[in-house]
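For reference, the chains in residue letters:
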Amino acid sequence: MDKHFQNYFMSKEPIKLDAKNARRTLIASIGTLSLFPLLKLGIFSKKREVISCAPEAPTRTVKMLTQEGLLVEVDISKLKGDKHKISNKQLQTWIKKEI
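Residues numbered from 1 in each chain as written. Predicted model: local features only at pLDDT ≥ 70, side-chain atom pairs only at ≥ 80, totals over all residues. Heavy atoms only, no water.

### Notes on the pairing of strand 1 (residues 61-65)
Remember that side chains alternate between the two faces of the sheet whenever the strand is regular. Pairing geometry for strand 1 and strand 2 (residues 71-75), over five bridges, is antiparallel. Counted as the bridge partner of Lys63 is Glu73 from strand 2. Counting the residues that bridge the hairpin from strand 1 to strand 2 gives five residues, and of these Gly69 lies at a positive phi of roughly 95°. (Pairing = 2+ DSSP bridges. Helix = DSSP H or I, 4+ residues; strand = E, 2+ residues; numbered from the N terminus.)

In structure tokens:
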């Protein structure tokens, strides 16, 4: 058996730390303590869902009439094409609402 092992575990006398043994104990304790953050990162590294506290950006919408006669709001970014007004007569013929 190792001399230090016998002195440390087998003797009933108080342990006297010499400079070499004290250095080894210090290095061993620093090494052990340095493992705790690594273990913590390994256990708690799951990504958590982040809840946004900022209000949503207001979207610009426009109200439009469907062919069935329902009024709906549509996001402006979804619209494309020409913007022109139609006459009342064209609107009445376009709507297919049953009375």
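### Quick notes on a nonpolar patch on the surface
A surface patch of nonpolar side chains, amounting to about 660 Å² of accessible area, comprises Leu33, Leu35, Phe36, Leu38, Leu39 and Leu41. With respect to the helices and strands, Phe36 occurs in helix 2 (residues 19-43). (Patch = residues over 30% accessible without salt bridge, like charges linked within 9 Å, V, L, I, M, F, W, Y side chains within 5 Å. Areas by Shrake-Rupley, 256 points an atom, 1.4 Å probe, with all protein chains shown as cover. Salt bridge = Lys/Arg side-chain N within 4 Å of Asp/Glu carboxyl O.)

### A few points about the confidence of the model for the chain
Residues at a pLDDT of 70 or more form 72% of the chain, whose mean pLDDT is 76. Averaged pLDDT values over the elements of the chain bottom out at 59 in helix 1 (residues 3-10) and peak at 91 in strand 2. (pLDDT = per-residue confidence, 0-100.)

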